[in-house]
Amino acid sequence: MPKKTQIMVLGSGRALPEKILTNDDLSQRVDTSDTWIRSRTGICQRHVAEPGTALSDLVTAAAQNALEDAKIAAEEIDLIILGTVTGDMKFPATACFVQAKLGAKNAVAFDLSAACAGFLYGLQVAEGLMATSGYKHALVIGGEILTSMVNWQDRDTCVLFGDGVGAVVLGPSDGEHGLLHSCLKSDGTFAKLLYNPGGGSLLPPATPGADPAEFSIHMAGADVFRHAVTAMTSVLQQLLDEAGVQTSDLDLLIPHQANLRIIEAVAKRFHLPKSKVFVNVDRYGNTSAASIPIALDELRRSGELKEGALVGMVTFGAGFTWAAALMRF
Ligand code: ACO
């Protein structure tokens, strides 16, 4: 039987940039088509932030949305964890800007870099800190402006990503609802299958003569696809085994929204019907760390997540990092 929960979701929120980029819009920029993108990825459109948008502004909007939903004041937040790889600037942490913008003056705030796994990593980190440090309320957020590091000339990658933020407020569990179990995984031997080589200490932004393409996302798409399916399958199985839960006990699976074909391949391995697998990649593209919390917020607000629903979440991303979590709503 699953262990007792320590933390639960008290509220959720999301923020998406207004501007929408359709597949047809992209086909004006690179040699691609709506048919290719839909059939290979399931993506129809994505939200994109205007150049110069601060991620912290979008994150603050999503966090305010979640605080209102939870009926918690910003001053009551003890901890802010922001999963992101596209913060406002190299330092300080974007979570610190968010703390100031929210007026969450009692919160410890930091960013967590685990790419698409940032939100599920954040949940487990928050659970641990809340158990050991006396923190009562935490904001765990996944937020990205991935289009800020997209090479718009590279059709292999530029069609895949979108911008957005999802946030949850966590608080003490009532013992029944909340996070039941989570598993985190990393394997840095695959780091260079999906990475942004430039902009760090190795290749600083101001390097004379540096190729601008080095400051954008590089991806070995087919390899990433293969690893994503295998890793998401194995971590989800580990999660279910360790929690003592059967696949048939799951009311819903929320997979990371990267590619409909990855989602379908994972669902097939668990014999999950379409009705139990959440999909919104068609509307948002791959929003990295934001994809699972955006999905959670959509489901909570639409009333699709019924009281007592057992929900599995599974993700995979750069690093490689991957993770799964089980929650009772
Ligand atoms: N439009 C038209 N043609 C394209 C495009 C495009 N946007 N992109 C690639 N192609 C072409 C290729 O050049 C290739 O042409 P060729 O056969 O003449 O060489 C052809 O389409 C087939 O390319 P493949 O790479 O075999 O296409 P595939 O079916 O593997 O799909 C994709 C590519 C969508 C990138 C897939 O590999 C994928 O989704 N990988 C996972 C990537 C991902 O999700 N990364 C995000 C981060 S990790 C994560 O979140 C899980």
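Structure's up top.
These figures come from a predicted structure and were not determined experimentally.

A.B. asks: It is not clear to me how the site of the ligand should be interpreted in this structure. Could you clarify?
C.D. replies: Close contacts around the ligand come from 22 residues, with Thr32, Arg40, His256, Asn259 and Asn286 the closest. Between the ligand and the protein, one listed contact pairs an oxygen atom with a side-chain N or O atom of Arg40 at 2.8 Å. In the model, an oxygen atom of the ligand is placed 2.6 Å from a nitrogen or oxygen of the Asn259 side chain. When the ligand sits alone it has 1,000 Å² of accessible area, and the protein chains cover 73% of it. Cavity membership is defined here by more than half of the atoms lying within 2 Å of grid points; on that basis the ligand lies in the second largest pocket. Of all the elements in the fold, those that place two or more residues in the shell around the ligand are α2 (34–41), α6 (155–158) and α7 (221–243). Take the shell around the ligand: its biggest share by element is four residues, from α7.

A.B. asks: Where do I start with the pattern of salt bridges in this structure?
C.D. replies: Any two side chains of opposite charge can pair if their charged atoms end up close together. Applying the stated criterion across every chain yields a total of eight salt bridges. Across the pair Lys101 and Asp57 runs a salt bridge whose closest N-O atoms are separated by 2.7 Å. Placement of the pair is Lys101 in helix α4 (residues 94–102) and Asp57 in helix α3 (residues 55–70), with a sequence separation of 44 residues. In this structure, Arg283 and Glu298 form a salt bridge, with 2.8 Å as the shortest nitrogen-oxygen distance. With a gap of 15 residues between them, Arg283 in helix α9 (residues 281–284) and Glu298 in helix α10 (residues 291–302) connect regions that are remote in the sequence. Residues participating in the shared-partner salt-bridge network are Arg14, Asp297 and Arg301.

A.B. asks: How do you make sense of the packing of aromatic side chains when you look at a structure like this?
C.D. replies: The description of two aromatic rings rests on the distance between their centres and on the angle between their planes. What the rule picks out here adds up to three aromatic pairs. Judged by centre distance (4.6 Å) and plane angle (55°), the rings of Phe316 and Phe320 are tilted. Classification of Phe316 as buried rests on a relative accessible area of 5%. Between Phe316 and Trp322 the ring centres are 6.1 Å apart and the planes differ by 40°, which places this aromatic pair in the tilted class. In textbook terms, an aromatic cluster arises when at least three aromatic residues are bridged by ring pairs, as seen for Phe190, Phe316, Phe320 and Trp322.

A.B. asks: Just to check I follow, could you spell out the state of the cysteines for this structure?
C.D. replies: Cysteine pairs can be linked by a disulfide, which is a covalent bond between their two sulfur atoms. By the definition in use, this model includes zero disulfides. As a non-bridged cysteine, Cys44 has Cys158 as the owner of its nearest cysteine sulfur, 16 Å distant. Classification of Cys44 as partly exposed rests on a relative accessible area of 22%.

A.B. asks: Can you walk me through the pairing of strand β11 (residues 252–255) in this structure?
C.D. replies: Sheet faces and side chains relate simply in a regular strand, where the side chains alternate between the two faces. Side chains Leu252 and Ile254 project from β11 onto one buried face, and the interleaved Leu253 and Pro255 project onto a second face that is buried too. In the sheet, β11 pairs with strand β12 (residues 310–317) via four bridges, with the strands oriented parallel. Within β12, the position partnered with Pro255 by the bridge is Val314.

A.B. asks: What am I meant to see in the sheet that holds strand β1 (residues 7–15) here?
C.D. replies: Strand pairing within a sheet occurs via backbone hydrogen bonds; the two strands may be parallel or antiparallel. Taken in spatial order, the five strands of this open sheet run β1-β7-β6-β4-β5, and their pairing is mixed. A single partner strand is all that each edge strand has here, and the edge strands are β1 and β5 (108–112). For this sheet, the mean inter-axis angle between neighbouring strands, taken without regard to orientation, is 15°. Bridging between strand β4 (residues 79–83) and strand β6 (residues 138–145) involves five bridges; their strand directions are parallel. Within β6, the position partnered with Gly83 by the bridge is Gly142. Its contacts with the sheet place α4 against β4, β5 and β6, and it is angled at close to 140° to β5.

A.B. asks: When you look at α4 in this model, what are you seeing that I'm missing?
C.D. replies: Since the α-helix packs 3.6 residues into each turn, any two residues three or four apart lie on the same face. Every buried residue of α4 is accounted for by Thr94, Ala95, Val98 and Leu102. Taken around the axis of α4, the buried residues stretch over an arc of 100°, which confines them to a single face. If you follow the buried residues of α4, they end up packed against α3, β4, β5 and β6. Note on α4: the residue one or two positions beyond its end, Gly103, has a positive phi of about 75°.

About the criteria used
For every chain, the first residue of the written sequence is number 1, and numbering continues from 1 along that sequence. With pLDDT at 70 or above as the cut-off, local features in this predicted model cover only qualifying residues; side-chain atom pairs require 80 or more to be listed or tallied, and sums for whole chains, interfaces and linings still use all residues. Only heavy atoms go into the side-chain values, all of them from the structure, while hydrogens and water stay out. By convention in this text, a residue qualifies as near a molecule or strand provided that one of its non-hydrogen atoms is within 4 Å of it. Any pair of nitrogen or oxygen atoms within 3.5 Å is treated as a polar contact; in protein, a donor-acceptor pairing is required on top of that, and neighbouring residues in sequence qualify only through side-chain atoms on both sides. Per-residue and other accessible areas follow the Shrake-Rupley method at a 1.4 Å probe size, with only the shown protein chains counted as cover for residues. Grid spacing is 1 Å over the protein atoms alone, the probe is 1.4 Å, and a cavity is where that probe fits but cannot get out, while a pocket is an open set with protein on both sides within 12 Å along at least five of seven lines and lining residues have an atom within 4 Å of a point. Each molecule is checked against the cavity or pocket grid, and it sits inside if more than half of its atoms lie within 2 Å of the grid points. Where helices and strands are cited, they refer to DSSP runs of H or I of at least four residues and of E of at least two residues respectively, numbered from the N terminus. Each reported salt bridge corresponds to a side-chain nitrogen of Lys or Arg within 4 Å of a carboxyl oxygen of Asp or Glu. By convention, a stacked pair of Phe, Tyr or Trp rings (six-membered ring in the case of Trp) has centres within 6.5 Å and planes under 30 degrees apart, an edge-to-face pair has planes over 60 apart, and any other such pair is tilted. Each residue is placed in one exposure class: buried if its accessible area under a 1.4 Å probe, protein chains only, is under 20% of its type's maximum, exposed if it is over 50%, and partly exposed if it falls in between. In this description, a disulfide is simply a cysteine sulfur pair whose atoms lie within 2.5 Å. Strand pairing is assigned whenever DSSP identifies at least 2 bridges connecting the two strands. The axes are straight lines fitted to the C-alpha atoms, using for helices just the contacting stretch, and the angles between their N-to-C directions are given from 0 to 180°. Working rule for contacts: check all heavy atoms of both residues, and any pair within 4.5 Å makes them a contact. Here, the arc refers to the directions that run from the helix axis to the C-beta atoms.

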